[in-house]
Amino acid sequence: MLMLSTWSRRTSTSFMATLAAALALVTGAGFALANAQTGSAQPPASAAALAASGTASGIAPAMSCAGVAGLDLASAVPGVPFEISSATELAASSNTLGNWAACDVKGVIAPQLHFEIKLPETGWQADYLQLGCGGLCGGATVTNAPASAGCVPLTSGAFAVASSDEGHQVGGGLFSTDPTMSADFGYKSDHELVQAAKAIIKQYYGQAATHSYFDGCSQGGHQGLTEAQRYPTDFDGIIAGAPANNFTALNTFSHAWTAQSVYLDGGPATITNADLADLHKAVLKGCGAPADGIIADPLSCTWDPGTIQCKTGQTSTSDAYCLTADQVTTLRRIYAGPTDEHGRLLYPGYQLRGSELNWAGIITPATATGASGDISFVRETLRYQVFDSPQPALTYKDIKFTAAYYKKVMGPNEGMYDATDPGLTAFKKAGGKLILWHGLGDQHIPAVGTMAYYKAVEKVTGGEAATETFARLFLLPGVAHCGGGQGPDTFDALTAITDWVTKGDAPDSLTTRSVDSSGNTTASRPVYPFPYYAENTTGGSATDASSYTPVKSTAEAGLKLNWLGSFRSGYETVGNWVGRKWVVTKGKN
């Protein structure tokens, strides 16, 4: 068990930067790639000079950046043919990852998995970091690491950093009409990238990377869990934020449920963005939130929207906000989650009370006749990803919340798209470490699903104590999808995971911060491993991390879901071309 007495003494160091481009993670928009700048290749330092300077200066390249473009590595990795398309020098001033110059390498893994890798020209410490993408991907995103704010090794060039487009260059779901692209997106691309990237690293530096790490949020979190489950030796440490690991049910049943709840009977929206501020105030009051307006343990709140239903003849105002009968129905459905005809959840999660301010544009539209983000999420998956042939006429209105429809959608797809296997024994045995994190105010992927998955891992692994030796889950109060929201959302899990891997220092807490536009910290708060949350037990300032101590959440510890699905091993499938026929078989690899 975690020793609570150590938590007040062992907190993470200062984390000063914001989680960039959270909206892109929500919508699936690609991050803008840093501009590569060409220039003369710098000669590599001699081995004698490197030895004299010590490891602090890093491992120098063994060849010029220009020379990388001419490398023929097509056969370097059996089964992963790839080509390098360009290698250009990137100035430190143009590198969004930190103040270090890099050899910016771009290439393609067959058939069309595009990747980018930034190789530090100075400072490299034999570490490799692979980054995930957001939404349905469609572009390499080597611009920022989601959970690394203030990580000095990253900003100083200790990591070679890579990412891919997951096998396609479109942001929507149209790529899934091709089975190879579906497999690349579903489970294959990151495994291929790590092999190709390591081959390039070995050529450039003249030695292999010593440790490998993964950092991603949303679809990136899904990618991280896929690696831990299917390819347990690829990475030493994985950070998986707000994972879309139950991909199929999330993008069909979860999003369609909230859409059908907001647009009752296909009509105009019952709740719009204009309602959210007053609704949120009512929820905070109903949940007994403290003065800072952050519900630390929202799973324990069961506030019923019916308590503020308008009385006959009453008109809702900001000072006396009340709900219509249809609005009460909408909210009860959103807080309950998608259920079948027998009351069983079709997705293992639901919106937590206190997340309302984050719903704008995703769950609720700007106007009653406008469209929500949920409608778009469902459309792409339903039309192009879950059926054998494109169904371009389908919309969120066509989703049926029945056991039969659940089986129809999940059966052919979960094996390819989902990463819900709780059996992480091989990852643990290989020495792998996993940090899961999720904002409790996530409007896109309900945090309850990640709690439920973690509890399933505990059950398979042998309990809380056995699991926390290699995996820990951190829940961030008030934080929206991959950042933003009302709670402190800036933190450094990258330093935590590297310390865990290399020193054996498991993170007993992470310090989260709110940072203003000038980079100043305006609030700090610790987050503790599930099922503990931070409570201000000292009477100190709510914006000071030292005011908080860990308290066990009864609701989180006792979480049980009546879910039609299950977290289990053996559901995975793989696809391969055999002759000219695409053949899908059971298995992980």
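Details of the structure are given in the entry above.
Counting restarts for each chain: residues are numbered from 1 in the order of the written sequence. Owing to the predicted nature of the model, reporting of local features is limited to residues with pLDDT of at least 70; listing and counting of side-chain atom pairs is limited to 80 or more, with chain, interface and lining totals taken over all residues. Water and hydrogen atoms play no part in the side-chain values, which are based on all heavy atoms of the structure.

Asker: Can you walk me through the overall build of the protein in this structure?
Answerer: If you tally the helices and strands in the protein, you get 16 helices and 15 strands. For the radius of gyration, the atoms used are the C-alpha atoms, and the globule rule reads 2.2 Å times the number of residues raised to 0.38. The C-alpha atoms of the protein give 24 Å as radius of gyration, which agrees with the globular expectation for 589 residues (25 Å, within 12%). Oriented by its inertia axes, the alpha-carbon framework of the protein measures out at about 85 × 65 × 45 Å. Only protein chains enter the accessibility calculation, which uses a 1.4 Å probe; a residue is then buried when its area is under 20% of its type maximum, exposed when over 50%, and partly exposed in between. Within the protein, the fraction of its 589 residues that count as buried is 59%. Contacts in the protein between residues at least 24 apart in sequence constitute 70% of all its contacts with a sequence separation of at least 6. Method for areas: the Shrake-Rupley scheme with a 1.4 Å probe, in which residue coverage is limited to the protein chains shown. Surface summary for the protein: the accessible area is close to 21,900 Å², and the carbon and sulfur share equals 53%. Residues scored as charged are limited to Lys and Arg (positive) and Asp and Glu (negative), so that His and the chain ends carry no count. A single reference atom marks each charge: NZ on Lys, CZ on Arg, CG on Asp, CD on Glu. Placing the 37 positive and 49 negative side-chain charges of the protein at their respective mean positions leaves the two points 7 Å apart. Helix and strand definitions follow DSSP, with helices as H or I runs of at least four residues and strands as E runs of at least two, each counted in order from the N terminus. Here, residues are in contact when the closest pair of their heavy atoms is within 4.5 Å.

Asker: Help me understand the sheet that holds strand β9 (residues 471–476) in this model?
Answerer: Strand pairs in the sheet, formed through backbone hydrogen bonds, run parallel or antiparallel to each other. Strand order in the open sheet made by the nine strands is β1-β2-β3-β5-β4-β6-β7-β8-β9, with mixed pairing throughout. Only two strands of the sheet have a single neighbouring strand rather than two, namely β1 (82–90) and β9. Sheet twist, expressed as the mean angle between neighbouring strand axes with direction ignored, is 15°. In this structure, strand β4 (residues 127–131) lies alongside strand β6 (residues 211–217), joined through five bridges in parallel fashion. Bridge pairing in β6 links L129 to Y213. Along the sheet face, helix α6 (residues 219–230) touches β6, β7 (237–241) and β8 (433–439) and points at about 140° away from the line of β6. In the packing of helix α15 (residues 493–503) onto the sheet, the strands contacted are β4, β5 (159–164), β6, β7, β8 and β9, and the crossing angle to β8 comes to about 160°. We treat two strands as partners when DSSP finds at least two bridges between them. Angles here are taken between N-to-C directions and fall from 0 to 180 degrees, while the axes themselves are lines fitted to C-alpha atoms, restricted in helices to the stretch in contact.

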